[in-house]
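Read off the chains here:
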Amino acid sequence: MAFVERVFSGVQPTGNLHLGNYLGAIVNFVKMQETHNCIYCVVDMHAITMGMDVWGGPAELARNTREVTAAFIAAGIDPNKHIVFNQSQVAGHAELTWIFNCVARIGWLSRMTQFKEKAGKDRENASVGLYDYPVLMAADILLYRATHVPVGEDQKQHLELSRDIAQKFNNDFGDSIRGQGFNDGLFFPQPEPFITGPATRVMSLRDGTKKMSKSDASDNSRINLTDDADLIAQKIRKAKTDPEPLPSEEKGLENRPEADNLVGIYAALAERSKSDVLREFGGGQFSSFKNALVELCVAKLSPIASEMKRLVADPGHVDKILVDGADRARVLADETMRATRDIVGFIRKS
């Protein structure tokens, strides 16, 4: 069957949204709303899979959920044209996760590298939720029968699992799916990834081999979306570099992770290629390039920071956006769950 093209993606409300979140996800969300039907979700149920010391407890979770929503809106997402909501308001996410838990295989989840990274050496004390996180992610996507998902490199494996679950569900319940009127036996699509732009994986300003992260002990390792112009300038000027001038060709960035990261950030913010940036700045010293990067970052990010500050000062307005979005998401989710219950064989009220 031909599935309606629909984009789904989510961002965890764990605080300190930074440049990596913006370039790796949010900027693409804004672009895609011009060409696709989009559902953007603040995935608060995912946030609680880690210890409370990570997500901060109930008050912090609520604050961070509003902050992520504010970032979406400040960056240019239109919540009237597209759906913006928080995951926990739509019960279908949890219900479909259970059904998919009975479709997914233990071996599939055991291969997920992100669980191993997040759980560390003390895996026996990790939550079941953290282990099952990829199944919930599959349910998030497939609850809306989304066809496309903008993901970073670190989430590609989880998206592959979503595709595997969709395929196995269609295979396992093929006869029932056809019996419900889906003549080709396909109920769930196999979502495709969107990975775009020259800086889809933004690295730390202090170590170009590590991903930019809110959990890094050094605040100088990242540019937060709430940083003011002075702080942005300070962090960029302190960013680690090497003693060589910038190369004139992209090949010259090999084995120079910090240089590659800064050029990639500039390219992404300017919506240019790395090669184009190097044609302009190649052969020059990092000090001049950093000054240009400061100007660009401030021009792009300061308006977002100001608008975020205005929005989070009015939590009632942000909550209304989330409630309205959840009401619209629930219409799509309920349609999927009614058909899914029938396919599985659950008796339900008409």
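This text goes with the structure placed above it.
Caption draft 1: Geometry of the overall build of the chain. A tally of regular secondary structure across the chain gives 15 helices and five strands. The C-alpha radius of gyration of the chain comes to 21 Å, within 12% of the 20 Å expected for a compact globule of 350 residues. The principal-axis extents of the C-alpha atoms in the chain amount to approximately 70 × 45 × 45 Å. When the 350 residues of the chain are sorted by exposure, 50% land in the buried category. In the chain, of all internal contacts separated by at least 6 residues, the share reaching a separation of at least 24 is 76%. Accessible surface for the chain amounts to roughly 16,200 Å². Of this, 50% is attributable to carbon and sulfur atoms.

Caption draft 2: Structural view of the packing of aromatic side chains. Taken as a whole and judged by the stated rule, the model has 15 aromatic pairs. Geometrically, the ring pair formed by Phe8 and Tyr144 is stacked, given 5.7 Å between the ring centres and 10 degrees between the ring planes. With Phe8 in strand E1 (residues 6-11) and Tyr144 in the loop between helix H8 (128-142) and strand E4 (148-150), this residue pair connects regions lying 136 residues apart in the sequence. Here Phe8 matches Tyr144 in class, with each residue buried. With a centroid separation of 6.3 Å and an interplanar angle of 75 degrees, the aromatic rings of Phe100 and Phe169 are classed as edge-to-face. Of the two residues, Phe100 sits in helix H5 (residues 92-101) while Phe169 sits in helix H9 (residues 156-172), which places them 69 residues apart along the sequence. Three or more aromatic residues link up through ring pairs in this structure, and these residues are Phe100, Phe169, Phe173, Phe182, Phe187 and Phe188.

Caption draft 3: Inspection of the pairing of E1 at higher detail. Of all six residues in E1, five are buried; the element is thus mostly enclosed. Relative to strand E2 (residues 37-42), E1 runs parallel, the two sharing six bridges. Among the inter-strand pairings, Phe8 is bridged to a residue of E2, identified as Ile39. Each parallel crossover has a hand, and for E1 linked through helix H1 (residues 19-32) to E2 it is right-handed.

Caption draft 4: Representation of the packing of H1 against helix H4 (residues 58-75) within the structure. One can describe the packing of H1 onto H4 by two numbers: an axis separation of 9 Å at closest approach and a directional angle of 55 degrees. By the angle class used here, H1 and H4 are oblique. In terms of crossing hand, the pair formed by H1 and H4 is right-handed. Counted together, Tyr22, Ile26, Phe29 and Val30 of H1 and Ala71, Phe72 and Ala75 of H4 form the full contact between these two elements. Split into classes, the residues belonging to the contact of H1 with H4 amount to seven nonpolar, no polar and no charged.

Caption draft 5: Examining helix H12 (residues 257-270) more closely. Here H12 is 14 residues long and its end C-alpha atoms lie 20 Å apart, about the 20 Å a rise of 1.5 Å per residue gives. Within the span of H12, buried status applies to Glu258, Ala259, Asn261, Leu262, Val263, Gly264, Ile265, Tyr266, Ala267, Ala268 and Leu269. Buried residues along H12 sit against H1, helix H13 (274-281) and helix H14 (286-312). Downstream of H12 by a residue or two, Glu271 has a phi angle that is positive, lying close to 55 degrees.

Caption draft 6: Region of the structure containing the nonpolar core. Leu19, Tyr22, Tyr40, Phe72 and Phe289 are the most contacted members of the largest nonpolar core, which has 60 residues in total. Ranked by residue count, the leading element in this core is H14, at 11 residues. Residues contacting Phe289, with those up to four places away along its chain left out, are Leu246, Leu262, Val263, Tyr266, Val277 and Phe281. Counting 41 residues, the second-largest nonpolar core is a separate cluster that includes Ile83, Leu143, Tyr144 and Ile165.

Caption draft 7: Focus on unusual backbone geometry. The backbone of Asn255 shows a phi angle near 65 degrees, a positive value even though the residue is not glycine. Within the secondary structure, Asn255 is located in the loop between helix H11 (229-238) and H12. Its identity is not glycine, yet Glu271 carries a phi of approximately 55 degrees, on the positive side. Note on placement: Glu271 falls in the loop between H12 and H13.

Caption draft 8: Summary view of the environment of Thr97. Considering the arrangement of structural elements, one finds Thr97 in helix H5. If we ignore the near neighbours within four places in the chain, the residues touching Thr97 are Asp132, Val135, Leu136 and Ala139.

Caption draft 9: Just the pattern of salt bridges, in detail. The tally for this structure, following the rule as stated, stands at 21 salt bridges. One salt bridge connects Asp227 with Lys235, and the closest N-O pair in it is separated by 2.7 Å. According to the relative accessible area criterion, Asp227 is buried, its value standing at 5%. The closest approach of N and O atoms between Asp276 and Arg272, which form a salt bridge, is 2.8 Å. Note on Arg272: relative accessible area 23%, which makes it partly exposed. One salt-bridge network, in which partners are shared between bridges, spans Asp219, Arg222, Asp227 and Lys235.

Caption draft 10: Here's a closer look at the packing of H12 against H14. Closest axis-to-axis distance for the H12/H14 pair is 10 Å, and the angle between their directions is 40 degrees. In terms of crossing hand, the pair formed by H12 and H14 is left-handed. On H14, the residues touching Ala259, Leu262, Val263, Ile265, Tyr266, Leu269 and Ala270 of H12 are Phe286, Phe289, Lys290, Ala292, Leu293, Leu296, Cys297 and Lys300. Looking at the contact of H12 with H14, its residues break down into 13 nonpolar, no polar and two charged.

Cut-offs used in this document
Residues numbered from 1 in each chain as written. Predicted model: local features only at pLDDT ≥ 70, side-chain atom pairs only at ≥ 80, totals over all residues. Heavy atoms only, no water. Helix = DSSP H or I, 4+ residues; strand = E, 2+ residues; numbered from the N terminus. Rg over C-alpha atoms; globule rule 2.2 N^0.38 Å. Buried < 20%, exposed > 50% of the residue type's maximum accessible area, 1.4 Å probe, protein only. Contact = heavy atoms within 4.5 Å. Areas by Shrake-Rupley, 256 points an atom, 1.4 Å probe, with all protein chains shown as cover. Phe/Tyr/Trp six-rings, centres within 6.5 Å; stacked < 30°, edge-to-face > 60°. Pairing = 2+ DSSP bridges. Right-handed = clockwise from strand over helix to strand, strands pointing away. Axes fitted to C-alpha atoms, helices over the stretch in contact; angles between N-to-C directions. Parallel < 35°, antiparallel > 145°, perpendicular 65-115°, else oblique. Left-handed = near helix turned anticlockwise from the far one by under 90°. Nonpolar A, V, L, I, M, F, W, Y, C, P; charged D, E, K, R; others polar. Expected span 1.5 Å × (residues − 1). Core = buried A, V, L, I, M, F, W, Y, C linked by side-chain atoms within 4.5 Å. Salt bridge = Lys/Arg side-chain N within 4 Å of Asp/Glu carboxyl O.

Geometric descriptors of this kind do not, in isolation, establish any biological role.
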